[in-house]
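# Coordinate analysis (summary)
Chain by chain, the residues run as shown.
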Amino acid sequence: MLRREGVNLATYGLASGPQGYRGLREFLAAKMKRHAGIVCDADEILVTSGSMQGIDLVCQAFVAPGDSIIVEQATYGGALTRMRRGGGKPVGIPLDDGGMRMDLLANALEEMKRKGAPPKFIYTIPTIQNPTSSVMSADRRREMVRLSEAYGVPIVEDECYSDLIFEGDRPDAIYAMSGTGGVIHIGSFSKSIAPALRVGYVVAKWEILSRLLACKQDAGSGALEQMVLAEYCKTHFFDHVDRLNAALRVKRDALVEALGEHFGTSAEFEPPRGGIYLWIKLPKEVDTTRLTQVAAQAGVAINPGVEWSTDADYGRVRLRICFAHPTVETIREGVAKLAEICGREFGVPTRIANVDRAAG
């Protein structure tokens, strides 16, 4: 790439304009049509420094102090931080196995309308929801679009993990189901290729994209990364993702098996259809913030639920465990050590496991 197009590094626009390297945007347009049902062209895509910058730009462009933002009750902790940093107030909507509940979303939108304080947007992670790993059904996505249009509230769709599905089909993106242009689609290569590349993207109609671009005052995201990604992805992306998902499935199975062995019925979770994490509920005796602190001292890293939730009580007994990076052996060792720490600190799972054995 340096030999062929390195001269373009001498200009901020890469001869492609401020939206990012055109070769990468053209690949993304084709990829999203193939995998997500999104029909767009390269000029409707803005390359960002990771999907996090996309969330930042949306908050900068649309959120003022005191504005409400509807989110899933359990959601990406980094997004909550960005929303709150700009003065936004996330309002959590409970989830079930299919993601955000549409009946409760409808109730919240109606109540906000009645009070004259509609939310600025609905932020959702519909495919491999973070942290629950749920996949929102096509019917529920269409209902979200209907509610969005009925109440005039746009949707911000974070699809950061949507390439990582190893069981079942991926529904079309919410963006693909909207006929009004009221959806902003955010994606990333961080989970499918490499986190440190820091290459993400935003898809939106120009009237929205132009507002985001005006907030992006960084002289452009890293150019060489975009150029190399475009070159690689044209011939290798889909085969790579297939291999990646096969490897992640093995790690998921190892984590599920280890949790069953060491926590028994005291750890409640749904085995995910994809992604890189499990969302686990422990008994009420456990405070996962305290568990996280003690586990870290023993070399075990987990995410406490309160950092991934709008409701402290809901999050207090929940935790997120990521299985992407460690080996299968490390996963098994880590779960065994976590169970030992949890039993010592809270009497769980040791006490419950003993009860289970006695009942058996």
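Remember, it's a predicted structure, so these values are computed and weren't measured experimentally. (Residues numbered from 1 in each chain as written. Predicted model: local features only at pLDDT ≥ 70, side-chain atom pairs only at ≥ 80, totals over all residues. Heavy atoms only, no water.)

## As for the sheet that holds strand β11 (residues 303–304)
Within the open sheet, the three strands sit side by side as β10-β12-β11. Their pairing is antiparallel. Every interior strand has two partners, whereas the edge strands, β10 (277–281) and β11, have only one. Sheet topology places β11 next to strand β12 (residues 318–322); two bridges connect them, and they run antiparallel. Along β12, the bridge assignment pairs Pro-304 with Leu-319. Of the strands in this sheet, β10 and β12 touch helix α9 (residues 223–263), which is tilted by about 20° from β10. (Pairing = 2+ DSSP bridges. Helix = DSSP H or I, 4+ residues; strand = E, 2+ residues; numbered from the N terminus. Contact = heavy atoms within 4.5 Å. Axes fitted to C-alpha atoms, helices over the stretch in contact; angles between N-to-C directions.)

## With respect to the packing of aromatic side chains
Under the defined criterion, the tally for this structure stands at eight aromatic pairs. On the numbers, 5.8 Å between centres and 50° between planes, the contact of Tyr-76 with Trp-308 is tilted. Taken together, the positions of Tyr-76 in the loop between β2 (68–72) and α4 (77–85) and Trp-308 in the loop between β11 and α11 (312–316) put the pair 232 residues apart, joining distant regions of the chain. The partly exposed category is assigned to Tyr-76, whose relative accessible area is 24%. The exposure class assigned to Trp-308 is buried, which follows from its relative accessible area of 9%. Arranged with centres 6.4 Å apart and planes meeting at 35°, the rings of Trp-279 and Tyr-314 form a pair that is tilted. (Phe/Tyr/Trp six-rings, centres within 6.5 Å; stacked < 30°, edge-to-face > 60°. Buried < 20%, exposed > 50% of the residue type's maximum accessible area, 1.4 Å probe, protein only.)

## Some points on the pairing of strand β9 (residues 200–203)
Here β9 shows no split at all, with Gly-200 and Val-202 on one side and Tyr-201 and Val-203 on the other all buried. Strand direction decides the pairing type here: strand β1 (residues 45–48) and β9, joined by four bridges, are antiparallel. Paired with Leu-46 across the bridge in β9 is Val-202.

## Digging into the packing of α9 against helix α12 (residues 328–346)
Here α9 crosses α12 at 25°, and the two axes come no closer than 9 Å. The angle between α9 and α12 falls in the class roughly parallel. Pair α9 / α12 crosses with right-handed handedness. Residues Val-250, Lys-251, Ala-254, Leu-255, Glu-257, Ala-258, Leu-259, His-262 and Phe-263 of α9 pack against Val-328, Ile-331, Arg-332, Val-335, Ala-336, Leu-338, Ala-339 and Cys-342 of α12. (Parallel < 35°, antiparallel > 145°, perpendicular 65-115°, else oblique. Left-handed = near helix turned anticlockwise from the far one by under 90°.)

## Comments concerning the confidence of the model for the chain
Per-residue pLDDT for the chain has a mean of 93; in total, 96% of the residues score no lower than 70. Low pLDDT, under 50, characterises residues 351–360; the predicted model gives this stretch six contacts beyond four residues in sequence or across chains. (pLDDT = per-residue confidence, 0-100.)

## Concerning the pairing of strand β3 (residues 89–93)
Inspection of the sheet shows β2 paired to β3 by five bridges, in the parallel sense. Each residue of the ladder has a partner; that of Val-71, found in β3, is Gly-92. With α4 bridging β2 and the parallel β3, this β-α-β connection has right-handed handedness. (Right-handed = clockwise from strand over helix to strand, strands pointing away.)

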